[in-house]
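As a plain string of letters, each chain reads:
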Amino acid sequence: MARIRGRHAARRAATTAAGHRRRGGLRSARYRRGLGGTAVAAVVMAALTASQAPGVELAGDGGADRPGSAGDRTPGDDEYATELPPLESPHPPGTSEPGGSENTSGIPASVLAAYQKAARSLASRTPGCGLRWELLAGIGKVESGHARGGAVDKDGTTLRPILGPVLNGNGFARIKDTDGGRWDSDTTYDRAVGPLQFIPSTWDRWGADGNGDGRKDPNNIHDAALAAGGYLCADGRDLSTGAGLDRAVLSYNNSSDYLRTVLAWFEYYRKGTHAVPDRDLSVLPTTPGVGESGSGSSPGAGRRGADSADPADDRPGKPNRPGEPSKPGKPDKPGDPDEPGDGDDDGGGKPSPEPTGPHAIERVGAGKFTAVAGEDFTGHPVVRVETAKGKGVKGVEVRFEVRGETEAAFEGGARSATVTTDAQGDATAPALGAGGRTGDFTVRATVPGKKLGSVDFTASVTAPRADTLARTSDVALEAGKGGKFAEAVEVKATRKGKAVANTTLTATFGDEEEAGPYFGKDEQGTPIRRLADLKTGADGVVALPELFAGDRPGTYTLTLTAEGGAGVQVKVVVKG
C-alpha cells in the first residue's frame, strides 16, 4: 500500500510526471515483451521497493480522485512484492504447454472466492464503477501473496496476522497509533493490517463486512476485499476506462511502480486463472515486500512457510538505482533461525533452533466457539506446533486452559487439559462443557517449557432458547358467544426435551382480527388480542390470562411464539 522512504520522494514524483501516462501500454503485446528486456525489468524491479508516504500526490494528478479528505490515509503503508507475472500466457492446470505457468496463475480457492464475491457485490452497489475481481486479485497478489498462499480459516480470517512495518518514520511514514493497538497490536504507531494491508485509520472509515458475520475485520479476506473494492470505486470512478483504472490504483498506493506491477498482474489474471488449494505456498511472490505474519512479539513472528522464498524484513535495504540490475541476495548466515546452519551457535551466543524442533504454535481452523448454557461445545480448539520450516512436530505436549469468569470446563470439571500433538503436529482440545453461566471466556493454548507464545480462542455461552412449544393440556378450547373460556391457555417451552425457564413469548390472534376472542380490555376499553413479554417459569410453563369469547362465532387461531422462533398454534372455537 501507500508508503515511501522520504529520500526517494522526489525521484518518485519525477518518474511519474515524466513518463507514466500510458494508453493501452500494459494491454499491448509490445509492452509485455518490453518488460522482458533486461534493462526495463531492472528499472521496474529496482524502483519497486520504495514508494510514497500517505498524502504525497503524483504530479499531474493532484490527488483529485483520492477518496475522502486530504488527510485520508491510503490503505497501507508498507512494502509490496515486486514480482512481475511471467511473459507467457497462463495455461490451465494439467497442460503440457512448454513454459506453462499454472502455479503462477493459480489463486487459493478461499481468496479467489472472496475477490469474486466482492466484485459481484460492488457491481450491484456501484454499477458504474466497473470493478473486476482480477484487479482485487492483482492488488492482493502484490500486497500479501493472496493472504500468504491462502492461509485462512473456513471463515476467511488469516491464520496469523499479516502486518506491515511499524510506521515510526524510520524509513517509512510516521503515523501515531489510531486504533489503540486493536488491529496491529501496537499502541505507539500504526502498521498496515491484513491481506490487503489497510492502515487502521483507513479501515475505520472504509471497513466492510464481506462475509455477513456482523464484524468488520481487516484480517478477514472477505471483509478486506469488499472494503478494497469500495475504496477503489470511491468518488464515482469508472474503472472500465484507462484513466479511471489508473487513478483508482494510484489512490491505493500513489506510486507509478506500484501501478505498473498491479496492472501487470491484473492483465495476467484476465487472461486466465484457476483455483488452487488454500495454503499453497507456490503462489507466494519470490520478491521482497509481502507483509510478514505477526510481529516481533508475536508467536512465530517472521517465520516463513516451508520452501518459500525469504521475504523482506520490516526495514528493507536500500533499493537498487534505476537501470542497475538487481544484485543477488546474500545467503543466510549460519544459524539463521529460518535456515539453520550446521553449527551449534549463530555467532551471537544463542544456539540455533533445531530444524525439527518446535518453533511456533499456530491456530488451526476456527478461532471462536459458541454453545448454549448447560450443553457441550460442538467444536474443539485446534493448534499446530511447527518447526521453523513450517513442518508439524509430533509428540509435543500442548496445554489448553480455560480463562475468565465462566463455569465452562473440560471433562471432570477441569479448567485445563494437556494433549500431545499427532503426526501432523496438531493438538485438539478435549470436549468442553459450557456450564450454566452465560458470557464470554477464553481458551488459551501453550507449550509448557517452550517460549513459543500462546494461541487464544474466544468462546461464548448463550442462554438456552426453546426449540419446542406445546400446550400442557389437550382439552378443546370452546366457549359460547359473549362468554369466556373455562380453561386458561397454558404452554411449556423446552429445548431438547428440557424445560427452558425465563424465556420470552408472544401470543396473538393476528392483527387482522377485529372481533372474536380477546384477553380482557385496556384502559380505553379496547379488546386486547396480542400479548408480549410473557415469561416462562422455572418449569418452562406460562399460563395466559383469562380468554373471552367475543361476539362473533367462528374458529380462531391463537399463535404463540418463543424467543428464538419456536412456536405453537392453538385452535379456539366461539359457538353461536
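Further up the page is the structure itself.
Residues numbered from 1 in each chain as written. Predicted model: local features only at pLDDT ≥ 70, side-chain atom pairs only at ≥ 80, totals over all residues. Heavy atoms only, no water.

Chemist: Quick question: what am I supposed to make of the nonpolar core here?
Modeler: As a rule of thumb, soluble globular proteins bury nonpolar side chains together. In terms of nonpolar packing, the biggest core is built from 51 residues, with Y115, L131, L135, L232 and Y252 touching the most fellow members. At the level of secondary structure, the elements contributing two or more residues to this core comprise helix 5 (109-125), helix 6 (133-150), helix 7 (200-206), helix 8 (221-232), helix 9 (242-252) and helix 10 (256-270). When sequence neighbours within four positions are dropped, the list of residues in contact with Y115 reads I107, W133, L136, A137, G140, K141, H146, I221 and A225. Listed in part, the 30 residues of the second largest apolar core include I361, V383, V447 and F457. (Core = buried A, V, L, I, M, F, W, Y, C linked by side-chain atoms within 4.5 Å. Buried < 20%, exposed > 50% of the residue type's maximum accessible area, 1.4 Å probe, protein only. Helix = DSSP H or I, 4+ residues; strand = E, 2+ residues; numbered from the N terminus. Contact = heavy atoms within 4.5 Å.)

Chemist: How should I be thinking about the state of the cysteines in this particular structure?
Modeler: Two cysteines joined by a covalent bond between their sulfur atoms form a disulfide. Following the criterion strictly, the structure yields one disulfide and no others. In this model, C129 is linked to C233 through a disulfide, with the two sulfur atoms separated by 1.9 Å. Between C129 and C233, the disulfide has an S-S torsion of -80 degrees and is therefore left-handed. Here C129 is found in the loop between helix 5 and helix 6, whereas its partner C233 is found in the loop between helix 8 and helix 9, with 104 residues between them in sequence. We note that C129, like C233, is buried. (Disulfide = S-S within 2.5 Å.)

Chemist: Looking at this structure, how should I read the pairing of strand 7 (residues 382-386)?
Modeler: On any regular strand, side chains alternate: one points to one face of the sheet, the next to the other face. Within strand 7, five of the five residues are buried, which leaves it mostly tucked inside the rest of the structure. On strand 7, burial covers both faces: V382, R384 and E386 on one face and V383 and V385 on the other are all buried. The pairing of strand 5 (residues 360-364) with strand 7 spans five bridges and is antiparallel. Paired with V364 across the strands is V382, a residue of strand 7. Sheet analysis places strand 7 next to strand 11 (residues 426-428), joined by three bridges and oriented antiparallel. Each residue of the ladder has a partner; that of V382, found in strand 11, is T428. (Pairing = 2+ DSSP bridges.)

Chemist: Can you help me understand the side chain of N219 in this one?
Modeler: Examined against the element boundaries, N219 turns out to sit in the loop between helix 7 and helix 8. When its relative accessible area of 11% is taken as the criterion, N219 is described as buried. Discounting chain neighbours no more than four positions away, the residues touching N219 are G156, T157, T158, P161, I162, W183, V193, G194 and P195.

Chemist: I tried to follow helix 5 on my own but got confused; where do I start?
Modeler: Residues spaced three or four apart along an α-helix face the same direction, because each turn holds 3.6 residues. For helix 5, built from 17 residues, the straight-helix expectation of 24 Å at 1.5 Å per residue is met to within 8% by its first-to-last C-alpha distance of 24 Å. The set of residues buried in helix 5 consists of V111, L112, A114, Y115, A118, A119, S121 and L122. Buried positions along helix 5 lie against strand 1 (106-108), helix 6, helix 8 and strand 3 (274-276). (Expected span 1.5 Å × (residues − 1).)

Chemist: Where do I start with the sheet that holds strand 10 (residues 416-420) in this structure?
Modeler: The strand order 6-14-13-8-10 describes an open sheet built from five strands, whose pairing is mixed. At either end of the open sheet lies a strand with only one pairing partner, and these are strand 6 (368-372) and strand 10. The sheet shows a mean angle of 25 degrees between the axes of neighbouring strands, taken without regard to direction. Pairing analysis gives eight bridges linking strand 13 (residues 439-446) to strand 14 (residues 454-462), with the strands arranged antiparallel. When the sheet's bridge partners are listed, A445 is paired in strand 14 with V455. (Axes fitted to C-alpha atoms, helices over the stretch in contact; angles between N-to-C directions.)

Chemist: What's the story with unusual backbone geometry in this structure? I'm lost.
Modeler: Only a minority of non-glycine residues have a phi that is not negative, and only a minority of peptide bonds are not trans. Of note, A147 is a non-glycine position whose phi angle comes to about 55 degrees, a positive value. Along the polypeptide, A147 turns up in helix 6. With a phi angle near 50 degrees, K496 is a residue other than glycine that sits in the positive phi range. Along the polypeptide, K496 turns up in the loop between strand 17 (490-495) and strand 18 (498-499).

Chemist: Honestly, the packing of helix 8 against helix 9 in this entry has me stumped. Any pointers?
Modeler: How two helices sit against one another is set out by the angle between their axes and by the gap between those axes. The N-to-C vectors of helix 8 and helix 9 enclose an angle of 125 degrees; their axes lie 9 Å apart at closest approach. The angle between the axes of helix 8 and helix 9 places the two elements in the oblique class. Two secondary-structure elements touch here, helix 8 through A228, Y231 and L232 and helix 9 through A248, V249, S251 and Y252. Broken down by class, the residue content of the contact of helix 8 with helix 9 amounts to six nonpolar, one polar and no charged. (Parallel < 35°, antiparallel > 145°, perpendicular 65-115°, else oblique. Nonpolar A, V, L, I, M, F, W, Y, C, P; charged D, E, K, R; others polar.)

Chemist: Got a minute to help me understand the sheet that holds strand 5 in this structure?
Modeler: By way of backbone hydrogen bonds, the strands of a sheet pair with one another, either parallel or antiparallel. The strand order across the open sheet formed by three strands is 5-7-11, and the pairing between neighbours is antiparallel. Every other strand in the sheet has two partners, leaving strand 5 and strand 11 as the edge strands with one partner each. Each strand of the sheet is rotated relative to its neighbour by a mean of 30 degrees, with strand direction disregarded.

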